[in-house]
Amino acid sequence: MRKHPIIQMVLIGALASAIGIALALWINWFPADAAKQDKPIDTLYDVLMIVSVPIFVLVTTVVLYSVWRFRMRPGQELEDGPPIHGNTRLEVVWTAVPAIILVSLCSYAYAVLHDIETTHANELVVQVTAQQFAWSYAYPGTGGKTVSSDQLYLPKGRPIRFDVRTKDVLHDFWVPAFRVKIDTVPGITTHVRVTPTRSGTYPVVCAELCGLGHATMRSTAHVVSPAQFDRWLAKQGAPAPAAGGGEPSGTQLADLGKQTFTGDGGCGGCHTLADAGTSGTVGPDLGTALKGRDEAFIRTSIVDPNAVIAKGYQPNVMPADFGQRLSQAQLDGLVAYLATVSK
Ligand code: CUA
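So, here is what we can say about the structure in this document. Only a predicted model underlies this, so the values are computations on that prediction, with no experimental measurement involved. (Residues numbered from 1 in each chain as written. Predicted model: local features only at pLDDT ≥ 70, side-chain atom pairs only at ≥ 80, totals over all residues. Heavy atoms only, no water.)

Things to note about the overall build of the chain
Put simply, the rule reads: Strands are runs of DSSP state E lasting at least two residues, helices are runs of H or I lasting at least four, and both sets are numbered from the N terminus onward. Each radius of gyration reported is based on C-alpha atoms, and the globular scaling rule is 2.2 Å times the count of residues to the power 0.38. Each residue is assigned to one of three classes by its accessible area relative to the maximum for its type, calculated with a 1.4 Å probe on protein chains only: buried under 20%, partly exposed between the two thresholds, exposed over 50%. Every residue pair with non-hydrogen atoms within 4.5 Å of one another is taken to be in contact. In this description, accessible areas are obtained by the Shrake-Rupley approach with a 1.4 Å probe, and a residue is regarded as covered only by the protein chains that are shown. Only four residue types enter the charge count: Lys and Arg as positive, Asp and Glu as negative, with His and the chain ends excluded. Positions of charges follow a simple convention, taking NZ of Lys, CZ of Arg, CG of Asp or CD of Glu.
Within the chain one finds nine helices and twelve strands. Relative to the compact-globule value of 20 Å for 343 residues, the chain shows a C-alpha radius of gyration of 29 Å, a clear excess of over 25%. Oriented by its inertia axes, the alpha-carbon framework of the chain measures out at about 95 × 55 × 35 Å. When the 343 residues of the chain are sorted by exposure, 35% land in the buried category. Relative to all contacts within the chain whose residues are 6 or more apart in sequence, the contacts with residues 24 or more apart total 67%. Working note: accessible area of the chain is about 20200 Å², and carbon and sulfur atoms make up 63% of it. Distance between charge centroids for the chain: 6 Å, based on 28 positive and 28 negative side chains.

Written out as structure tokens, the structure reads:
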């Protein structure tokens, strides 16, 4: 009779663990892998599951079994339990075993982290900049120039180091297909490494709650062949409209404004604007909110967004520092562009 409940519990626990592990390994937790770093991380995840499920089952089984088997029966209301003075052997075991498991798993996880963060001599350094609510990227171009883009292009097979910064609050740079992610922290530069192994397009996600537009803070990573990447980089490096000397024409200004709207400025993350193809819903639809407004109103709305709040929207949602974030040309461009589309 004394062994009976233990054997029952072990049998139930073994069966539940087997089902739990099978389920945990069967579920596809992650998107298809697209980087060299994925395999070791996925294996680590599987090992953690295999170890965690039996522990969860053990604790749950003991609790449930004790509740059922040792429950209070009618007439026992005033009885005290048997006096217990501890069990040294049991206590040593249940301290030592979890300690061994934890130290082993931490060592393994550290080894994986060390492995995926190995530096490579031919790394391509990509500057990643986060701001509410958009991502922008900068690459070393020819002749020491920097090439900026709101799309992330990466050559397949080349080790990449991302230098990650933020212009405002905490964000988190995450490409689920690469598994790795890193916080962007005001005032410091954080780093993360991947080597893309599969061509395709993958979502870039902000994984840190950073404000009302957090959910819209997305962009796309394009993994392409090294030759395609070089062509793309050369094209981006070509002189941009309205750059350099001479007064930019009105059309050039509006073009720059449209680029700023969808890209570096991050406006499209929060505002719907049919002409720019954006669908953000944090702020008002600018196609209707700016209808018939003049350039002065538009400029004020960008640099001092609380001056006039559109009906149905709250003050202090739109960052009030666009006057400092945007270059003069970008600001002029935005005003010109928005004035054109709101006519
Ligand atoms: Cu940026 Cu969430």
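And the narrative resumes.
A look at helix 2 (residues 38-69)
Using the following cut-off: Here a helix's expected span is defined as the number of its residues, less one, multiplied by 1.5 Å.
Its 32 residues place the ends of helix 2 46 Å apart at the C-alpha level, agreeing with the 46 Å of an ideal helix rising 1.5 Å per residue. When we look at burial in helix 2, the residues that qualify are Asp-38, Ile-41, Leu-44, Met-49, Val-53, Val-57, Thr-61 and Tyr-65.

A closer look at the nonpolar core
Condition: The term nonpolar core refers to a set of buried residues drawn from Ala, Val, Leu, Ile, Met, Phe, Trp, Tyr and Cys, joined through side-chain atoms within 4.5 Å.
The biggest cluster of nonpolar side chains holds 42 residues, and the ones touching the most others in it are Val-126, Tyr-139, Leu-152, Phe-162, Phe-173 and Phe-178. If one sorts the elements of this core by residue count, strand 1 (residues 124-131) sits on top with four residues. With residues up to four places along the chain from it excluded, the contact list for Val-126 reads Tyr-137, Ala-138, Tyr-139, Leu-152, Leu-154, Ile-160, Arg-161, Phe-162 and Asp-163. By size, the runner-up hydrophobic cluster in this structure holds 18 residues, among which are Cys-267, Ile-302, Leu-334 and Tyr-337.

Considering the packing of aromatic side chains
The line we're drawing: The aromatic pairing rule takes the rings of Phe, Tyr and Trp, using the six-membered ring of Trp, and pairs them if the centres are within 6.5 Å, calling planes under 30 degrees apart stacked, those over 60 edge-to-face and the rest tilted. Whether a charge lies above a ring is judged from NZ of Lys or CZ of Arg, which has to be within 6 Å of the ring centre and within 35 degrees of the ring normal.
Applying the stated rule across the entire model yields eleven aromatic pairs. When the centroid spacing of 4.3 Å and the interplanar angle of 20° are considered together, the rings of Tyr-153 and Trp-232 count as stacked. With Tyr-153 in strand 4 (residues 152-155) and Trp-232 in helix 4 (residues 226-237), the pair connects residues that are 79 residues apart, well separated along the chain. Assigned by exposure class, Tyr-153 and Trp-232 land together as buried. Among the aromatic side chains, those forming a connected cluster through ring pairs are Tyr-139, Tyr-153, Phe-229 and Trp-232. It is Lys-181 that lies over the ring of Trp-174; its NZ or CZ is 5.8 Å from the centre. The lysine or arginine in question, Arg-293, covers the ring of Phe-297, its NZ or CZ lying 4.0 Å from the ring centre.

What about the pattern of salt bridges?
Applicable threshold: Salt-bridge detection follows one rule: a side-chain nitrogen of Lys or Arg within 4 Å of a carboxyl oxygen of Asp or Glu.
Per the counting criterion, the structure on display carries eight salt bridges. Here Arg-161 and Glu-123 are joined by a salt bridge, their closest N and O atoms 3.9 Å apart. Of this pair, Arg-161 sits in strand 5 (residues 160-166) while Glu-123 sits in the loop between helix 3 (88-116) and strand 1; the two residues are 38 residues apart in sequence, bridging distant segments of the chain. In this structure, Arg-161 engages Asp-163 in a salt bridge whose closest nitrogen and oxygen atoms are separated by 2.9 Å.

Description of the sheet that holds strand 10 (residues 218-224)
Heads up, the rule is: Think of it this way: DSSP has to see at least two bridges between two strands before they count as a pair. Lines fitted to C-alpha atoms define the axes, with helix axes restricted to the stretch in contact, and inter-axis angles between N-to-C directions lie between 0 and 180 degrees.
Spatial ordering of the open sheet is given by 4-10-9-6-7, a layout of five strands whose pairing is mixed. Both edges of this open sheet fall to strand 4 and strand 7 (181-184), since each of them pairs with a single strand only. Neighbouring strand axes in the sheet, compared pairwise and without regard to direction, differ in orientation by 25° on average. Summarising the sheet, strand 6 (residues 171-174) and strand 7 pair through four bridges and their orientation is antiparallel. Following the sheet pairing, His-171 is matched in strand 7 by Thr-184.

A closer look at the environment of Ser-327
Along the chain, Ser-327 falls in the loop between helix 8 (322-325) and helix 9 (328-341). Its relative accessible area of 35% is what places Ser-327 among the partly exposed residues. As a C-alpha pair, Ser-327 and Gly-200 span 127 residues in sequence and 33 Å in three-dimensional space.

Regarding the environment of Gly-157
Along the chain, Gly-157 falls in the loop between strand 4 and strand 5. Distance from Gly-157 to Ala-35, taken between C-alpha atoms, is 8.6 Å for residues 122 residues apart in sequence. In this view, Gly-157 contacts Thr-195 and Pro-196; residues no more than four positions away in its chain are not counted.

Details of a nonpolar patch on the surface
Heads up, the rule is: Each patch is built from residues that are more than 30% exposed by relative accessible area and take part in no salt bridge. Like charges join if they lie within 9 Å; nonpolar side chains (Val, Leu, Ile, Met, Phe, Trp, Tyr) join within 5 Å.
Taken together, the side chains of Ile-55, Leu-58, Val-59, Val-62, Val-63, Leu-64 and Val-67 make up a nonpolar region of the molecular surface, amounting to roughly 620 Å² of accessible area. Turning to its location among the elements, Val-63 is positioned in helix 2. Classification of Val-63 by relative accessible area gives partly exposed; the value is 45%.

Describing the pairing of strand 2 (residues 134-140)
Burial within strand 2 is extensive, with six of its seven residues counted as buried. Where strand 1 lies against strand 2, five bridges are found, and the strand directions are antiparallel. The residue bridging Gln-127 from the neighbouring strand is Ala-138, located in strand 2. Where strand 1 folds back on strand 2, the antiparallel hairpin that results is connected by two residues. Of the pairings in the sheet, the one linking strand 2 to strand 3 (residues 146-149) comprises four bridges and is antiparallel in character. Bridging across to strand 3, Pro-140 finds its partner in Thr-146.

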